[in-house]
Amino acid sequence: MNSTIGEITEFLTVALRQDIRPEDDYFALGLADSLFALELVTFVEERFRLTVEVEDLDLENFRTAVGVAGFVARKTAGAGGAAEPADVHEPAAAEPAPEFTTDYEPLR
Amino acid sequence: MGELPELAGLPPAERSVCLGLGIERIRTGREADAVGLAEHAAHRALAAAGLTAQDADALIVVESRAPQTLLSSEATRLQELLGSRDALTFTVGGLGCVSLTPALLTARGLLAADPELEHVLVAHGSTPATQGRYRHPVTVNGDGGGALVLSRTGSVRLLDIVQETNGKYWDLFQVAFRDLPSDSWRERCQDPATYSFQLAVETRNRLTALLDGLLTRHGMTRRDVAGYITQNLSSGSFGFTEESLGVHVLPACRDNLRELGHLGPNDVFLNLYTALERKELAEGDRAVLINVSPVAAWSLLLVEIGAGESTQ
């Protein structure tokens, strides 16, 4: 766990261009923008071979290095330590406009 | 941008973000409100298609950010201004910049449902709801009108449309206005961390899945797309989209951002037609137009350059 926190802290220090300690809340410090968020999640996914799903996007999982390490531990334990494939959403195929029937309730 | 009235009153951190968006200037059209801007654009689009306002069988107005009055109708006002007396007329909206997509879905439905209907006019006037133009930390709003004529033949084919929404973010950004003087209205993000983290990562996941699905059902891969076009929010937002999807956004987007700022639902087709004028796209090319709104909504349009069912 400590080595994981160390790796994450090292990444954060480089990405945010300032020393980040394990408990520092870089969101509360105003250091995080959406590009950083993308960088952080990509780092976590690639380094720890997991997929961050929409349901994982609780900020508590990502606001400190300690939080990220905890998330990684829970996620990899849940997946048996293996990488999880990403869900691929298939939008419904476009179809010709259907005919409509409606029930009409007059205004009273 | 240095002359933006609210700039002097911004806290240093917000001022720094504002000046780093990649926007150098915006156009402001005090002489015309949103409906006036839409009217000018509609006349230009109709003329480019060789049509008059009377040729529009339907007029779909993408709602403005804030109407001039309540209870009245901007859609029928535009109908009256244009003189499109016989056009089936109504407004669509509710999805911020993505509100263009329900307009296109509706136009497609009308054209599919009624073989006698030939031309659907879609129009939008973009002006901010507030006196201030900076939306921290997202963009600076300019003024601009946009209009499309959708017909069965034309120079750009609209091949497919996909859209998803997530109501969890419905009020992440808002302008409180009840019982407040209009000069105190502000576009506010209620939770910047949610915007810059949760919504950002969900946007990456949603756009990736939407793009994969869209291309798969057309037998395409990312390499088959000649150009990707997004709305104009900031240079950072272009980088975000590029990194999220592993694609490059056409240069027209960055240039329009720099010169015009953000024009809401009008951005993506403005960028498409700029790219066409500048030969960034050629006959036979396919392009993907990407729209995202923090309400939250995500939409992709697949277009092909060349004659066929089209927009103008």
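Each value, and the rule that gives it
Residues numbered from 1 in each chain as written. Chains lettered and ligands numbered in written order. Predicted model: local features only at pLDDT ≥ 70, side-chain atom pairs only at ≥ 80, totals over all residues. Heavy atoms only, no water. Helix = DSSP H or I, 4+ residues; strand = E, 2+ residues; numbered from the N terminus. Contact = heavy atoms within 4.5 Å. Core = buried A, V, L, I, M, F, W, Y, C linked by side-chain atoms within 4.5 Å. Buried < 20%, exposed > 50% of the residue type's maximum accessible area, 1.4 Å probe, protein only. Salt bridge = Lys/Arg side-chain N within 4 Å of Asp/Glu carboxyl O. Buried area = accessible area lost by both parts, 1.4 Å probe. Polar contact = N/O pair within 3.5 Å; in protein donor to acceptor, adjacent residues only side chain to side chain. Nonpolar A, V, L, I, M, F, W, Y, C, P; charged D, E, K, R; others polar.

### What about the environment of I26(B)?
All names here are of chain B.
Thinking step 1. Tracing the backbone shows I26 in the loop between helix 1 (12-19) and helix 2 (34-48).
Thinking step 2. A C-alpha to C-alpha distance of 9.7 Å links I26 and N256, two positions 230 residues apart in sequence.
Thinking step 3. Beyond its immediate stretch of four places on either side in the chain, I26 contacts L4, R133, V140, N141, G142, E259, L260 and G261.

### Some words on the nonpolar core
Residues and elements named next belong to chain B.
Thinking step 1. Counting 47 residues, the largest nonpolar core has F269 and L272 as the members making the most contacts within it.
Thinking step 2. Elements represented by at least two residues in this core include exactly strand 1 (58-62), helix 4 (100-113), strand 3 (120-126), strand 6 (144-165), helix 7 (251-260), helix 8 (267-277), strand 10 (286-293) and strand 11 (297-311).
Thinking step 3. Dropping the residues within four chain positions of it, L272 is found in contact with V156, I229, L281, L289, V303 and I305.

### Thoughts on the pattern of salt bridges
All names here are of chain B.
Thinking step 1. On inspection of all chains with the given rule, the structure shows 23 salt bridges over all chains.
Thinking step 2. In this structure, R157 engages E304 in a salt bridge whose closest nitrogen and oxygen atoms are separated by 3.2 Å. On the criterion of sequence distance, the pair formed by R157 in strand 6 and E304 in strand 11 is long-range, its members being 147 residues apart.
Thinking step 3. Among the residues examined, R157 registers a relative accessible area of 28% and is labelled partly exposed.
Thinking step 4. A salt bridge links R217 to D160; the shortest N-O distance between them is 2.8 Å. Of this pair, R217 sits in the loop between helix 5 (192-216) and strand 9 (227-230) while D160 sits in strand 6; the two residues are 57 residues apart in sequence, bridging distant segments of the chain.
Thinking step 5. With relative accessibility at 3%, the residue D160 sits in the buried group.

### Things to note about the interface of chain B and chain A
Thinking step 1. Counting from both sides, the interface comprises 24 residues of chain B and, opposite them, 24 residues of chain A.
Thinking step 2. Between chain B and chain A, the buried area comes to about 2000 Å², and carbon and sulfur atoms account for 67% of it.
Thinking step 3. Between chain B and chain A we count one salt bridge in total.
Thinking step 4. Between E45(A) and R204(B) there is a salt bridge, with its nearest N and O atoms 2.8 Å apart.
Thinking step 5. In this structure, the connection of chain B to chain A is made through three residue pairs in polar contact (both at pLDDT 80 or more).
Thinking step 6. Of all the secondary structure elements, the ones that give two or more residues to the side of chain B that touches chain A are helix 4, strand 6, helix 5 and helix 6 (235-245) of chain B.
Thinking step 7. Among the elements that make up the side of chain B that touches chain A, the one with the highest residue count is helix 5 of chain B (12 residues).
Thinking step 8. In the side of chain B that touches chain A, the residues fall into nine nonpolar, eight polar and seven charged.

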